[in-house]
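Each chain, written out:
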Protein chains: 2
Amino acid sequence: MIQAYAAHEPQGELKPFEYDPGSLLPNGVEINVEYCGICHSDLSMLDNEWGMTQYPFVPGHEVVGTISTIGEQVTNLQVGQRVGLGWFSHSCLVCEWCVAGDRNLCPTAEATIIGRHGGFADKVRAHEDWVLPLPAELDATTAGPLFCGGITVFNPIVQMGIQPTDRVGVIGIGGLGHMALGFLNAWGCDVTAFSTSPDKEAEAREMGAHHFVNSRDPKALEAVQSSFDFILSTVNADLDWDAYIAALRPRGRLHLVGVTPSPISSQIFPMILGQKSISASPLGSPTTINNMLSFAARHEIAPITETYGFNQINEAVDKLRNGKPRYRLVLKH
Amino acid sequence: MIQAYAAHEPQGELKPFEYDPGSLLPNGVEINVEYCGICHSDLSMLDNEWGMTQYPFVPGHEVVGTISTIGEQVTNLQVGQRVGLGWFSHSCLVCEWCVAGDRNLCPTAEATIIGRHGGFADKVRAHEDWVLPLPAELDATTAGPLFCGGITVFNPIVQMGIQPTDRVGVIGIGGLGHMALGFLNAWGCDVTAFSTSPDKEAEAREMGAHHFVNSRDPKALEAVQSSFDFILSTVNADLDWDAYIAALRPRGRLHLVGVTPSPISSQIFPMILGQKSISASPLGSPTTINNMLSFAARHEIAPITETYGFNQINEAVDKLRNGKPRYRLVLKH
């Protein structure tokens, strides 16, 4: 039996919940959860914001732990090995996207907390294709958020072909944005933080920003017109997208990883004249995650976390819901 | 003196108009106009749709002709040579974009019909940097539209890295779209034409389409969900962009070269899940135009044109404004 924490209704309290995971699949892996990050999408699912939550609902998809059991066909992982598990827990391995290595684009990819139970538990299971060894150089205490928040902002850097010579901006210096600053700084870029919180400037600079723009100040935004090759928006908010399109240089790209409440929109003329793009992306493939883990280890990039015991789980969820965590919350057994 | 045709007010008739172009600049080139295409942007400027027209206004930026005079510093062109001139007539040559070869992205690039007189005339002038030799294999009668309409649809194929293995769609089978079908077919792609005119199907297939979708039929659009790597919209209309985003495969791109009346917009979730992009582009650089001309010559791609004498100029403009030219209008001396 697995001892988990589940919500039984939208916005419900997380309560101890026991379930029988059945027999382990031949390609299955069972992980002893040591740490599990809390991601904003855990909240969205808990609250059934996306209309697809099944209750009882066990959140948790930023897992770090050690392998307790492996299925009989698993050959590339060992019991006792320290691993991570993120948003995805299985891909089909046979569709054209899986075959090409883009398992994150597999149309039938299984998400760790959709239609199954996640990592707010003593154990969690997944298929071997998404259970990834944690490099020894990474601190297990803080590594969990890399597997969802981290790869969400690292993946577009890879996919969109960001170059070290690029001038880049990050909108929103929170759970996602603070990791993006670190990655883009280490990538070699000239990095600007856009934040509505001027009090975050010193921290943003420590995390990797070379410049800071108060995004509530229209004049500050106007002053950086035609400045950026790439702007990564990490916020779940509707912004003045035309102002950010104007902040792009010719050939520039505005890229979104946050789910905005309204459709994204832009005047067409500035996009035509400057050959500009708007794009978005999901989490990365196992290969991109592995590259991110090596890159984070080599450049000593780690999420900044606050740690809560699993016995403080509702307090932690409340902090994410109502407080301003700096910057990422992790539950610990 | 140059004998031209000018409008003196928005939507005004084009009337004979003589002007003194002054002395030729050291890097200037004067062209004896043989042919000049009529482009939709000539109409937009004639009607002052973009609020930047100065009257008297001489349209015309799809010029084919022979060089009558060259400035004293012009070394790469000769008198008598047959050349083309398109939307741009000068770039600064010293900004970072010009230096990189992207003269079309030069922020101070001069347009042939903005703040100066265009090619609806016996002669037109431009700086040598945008006067491009016409390959002998191309038919001068029909080549004019390549210099604006043609490069508008050829440029994104190059800039967006379209591959011969891509499945592509073209929205709008008109002055721009019919050339896009030819280019993309010769590029090696699997090509679908989207049109609101089912009676264009046979013609679209002749021009290079392998498939035809009646874009007024929501079921036909739904049937091609997740089908395209690249969709090029050539229309100046607001469409159901979400339906076209849905028609893209993962990693797909919706690219616009038509000026839509309203901002372009899209739901964000489908873009995130499928790593999709929306982009736009202006006309191409001299290098891209030269590559287009060679490509068109090699693959025998030519605009389909209707030819009018310059003495029928108002009739031709009216045909573009109210009729349905198939597919591009060219004025002839």
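Thresholds applied
- Residues numbered from 1 in each chain as written.
- Chains lettered and ligands numbered in written order.
- Predicted model: local features only at pLDDT ≥ 70, side-chain atom pairs only at ≥ 80, totals over all residues.
- Heavy atoms only, no water.
- Helix = DSSP H or I, 4+ residues; strand = E, 2+ residues; numbered from the N terminus.
- Rg over C-alpha atoms; globule rule 2.2 N^0.38 Å.
- Buried < 20%, exposed > 50% of the residue type's maximum accessible area, 1.4 Å probe, protein only.
- Areas by Shrake-Rupley, 256 points an atom, 1.4 Å probe, with all protein chains shown as cover.
- Lys, Arg positive; Asp, Glu negative; His and termini not counted.
- Charge placed at Lys NZ, Arg CZ, Asp CG, Glu CD.
- Least-squares fit on C-alpha atoms with pLDDT ≥ 70 in both.
- Contact = heavy atoms within 4.5 Å.
- Salt bridge = Lys/Arg side-chain N within 4 Å of Asp/Glu carboxyl O.
- Pairing = 2+ DSSP bridges.
- Axes fitted to C-alpha atoms, helices over the stretch in contact; angles between N-to-C directions.
- Buried area = accessible area lost by both parts, 1.4 Å probe.
- Polar contact = N/O pair within 3.5 Å; in protein donor to acceptor, adjacent residues only side chain to side chain.
- Nonpolar A, V, L, I, M, F, W, Y, C, P; charged D, E, K, R; others polar.
- Arc of directions from axis to C-beta.

A. How the structure looks around the overall build of chain A. Along its length, chain A carries 11 helices and 18 strands. Over its C-alpha atoms chain A spans a radius of gyration of 20 Å, differing by no more than 12% from the 20 Å that the globule rule assigns to 333 residues. Viewed in the frame of its principal axes, chain A has a C-alpha envelope of about 60 × 40 × 35 Å. Burial statistics for chain A: of 333 residues in total, 58% are counted as buried. Counting every atom, chain A has about 12900 Å² of accessible surface; 48% of that belongs to carbon and sulfur. For chain A, the centre of its 22 positive side-chain charges and the centre of its 35 negative side-chain charges are spaced 5 Å apart.

B. Structural context of the relation of the copies chain B and chain A. Once turned by 180° and shifted 0.0 Å along the axis, chain B lies on chain A with an RMSD of 0.0 Å. Taken together, the rotation and translation describe the operation of a two-fold axis. When each C-alpha of chain B is compared by its distance to the rotation axis, Ser265(B) comes out closest, at 2.0 Å. By residue overlap, the copies meet face to face through one surface: 100% of the interface positions of chain B are interface positions in chain A.

C. Structural detail: the pattern of salt bridges. Counted under the stated rule, the structure contains 26 salt bridges over all chains. Between Glu62(A) and Arg328(A) there is a salt bridge, with the nearest N and O atoms lying 2.7 Å from each other. Linking Glu62(A) in the loop between helix H1 (40-46) and strand E4 (63-70) with Arg328(A) in strand E18 (residues 328-332), this pair joins segments that are 266 residues apart in sequence. Each member of the pair, Glu62(A) as well as Arg328(A), carries the same accessibility label: buried. Asp229(B) is the partner of Arg249(B) in a salt bridge, and the nearest nitrogen-oxygen pair spans 3.0 Å. Here the residue Arg249(B) occupies a position in strand E14 (residues 248-256), and Asp229(B) occupies one in strand E13 (residues 228-233), the gap between them amounting to 20 residues.

D. Representation of the sheet that holds strand E12 (residues 211-214) of chain A. Read across the open sheet, the 12 strands follow the order E12(A)-E11(A)-E10(A)-E13(A)-E14(A)-E16(A)-E16(B)-E14(B)-E13(B)-E10(B)-E11(B)-E12(B); overall the sheet is mixed. At either margin of the open sheet sits one strand with a lone partner, and together these are E12 of chain A together with strand E12 (211-214) of chain B. For this sheet the average axis-to-axis angle between neighbouring strands, irrespective of direction, equals 20°. Summarising the sheet, E13(B) and E14(B) pair through 5 bridges and their orientation is parallel. When the sheet's bridge partners are listed, Leu232(B) is paired in E14(B) with His255(B). Its contacts with the sheet place helix H5 (residues 177-187) of chain B against strand E10 (167-171), strand E11 (190-195) and E13 of chain B, and it is angled at close to 165° to E10(B).

E. Up close: the interface of chain B and chain A. Contacts between the two partners involve 35 residues from chain B, matched on the other side by 35 residues from chain A. Buried surface at the junction of chain B and chain A, both sides included, amounts to about 3100 Å², of which 60% is carbon and sulfur. Among the residues chain B hides against chain A, the three largest losses belong to Ile268(B), Ile272(B) and Gln275(B). Together they make up 20% of the total. Inspection of the chain B/chain A interface yields 15 residue pairs in polar contact (both at pLDDT 80 or more). If you list the elements that add at least two residues to the side of chain B that touches chain A, you get helix H2 (96-99), helix H4 (149-159), E14, strand E15 (264-266), helix H9 (268-274) and strand E16 (277-280) of chain B. Grouping the amino acids of the side of chain B that touches chain A by side-chain chemistry returns 18 nonpolar, 11 polar and 6 charged. Both strand E15 (residues 264-266) of chain A and E15(B) contribute to a ladder of 3 bridges, which runs antiparallel. Bridging across to E15(B), Ile264(A) finds its partner in Ser266(B).

F. Representation of helix H11 (residues 313-322) of chain B. Residue and element names in this part refer to chain B. Residues of H11 that are buried include every one of Ile313, Ala316, Val317 and Leu320, and no others. Down the axis of H11, the buried set is contained in an arc of 100°. They therefore lie on one face. Those residues of H11 that are buried are in contact with strand E1 (2-6), strand E3 (28-38), helix H1 (40-46), strand E17 (305-309) and strand E18 (328-332).

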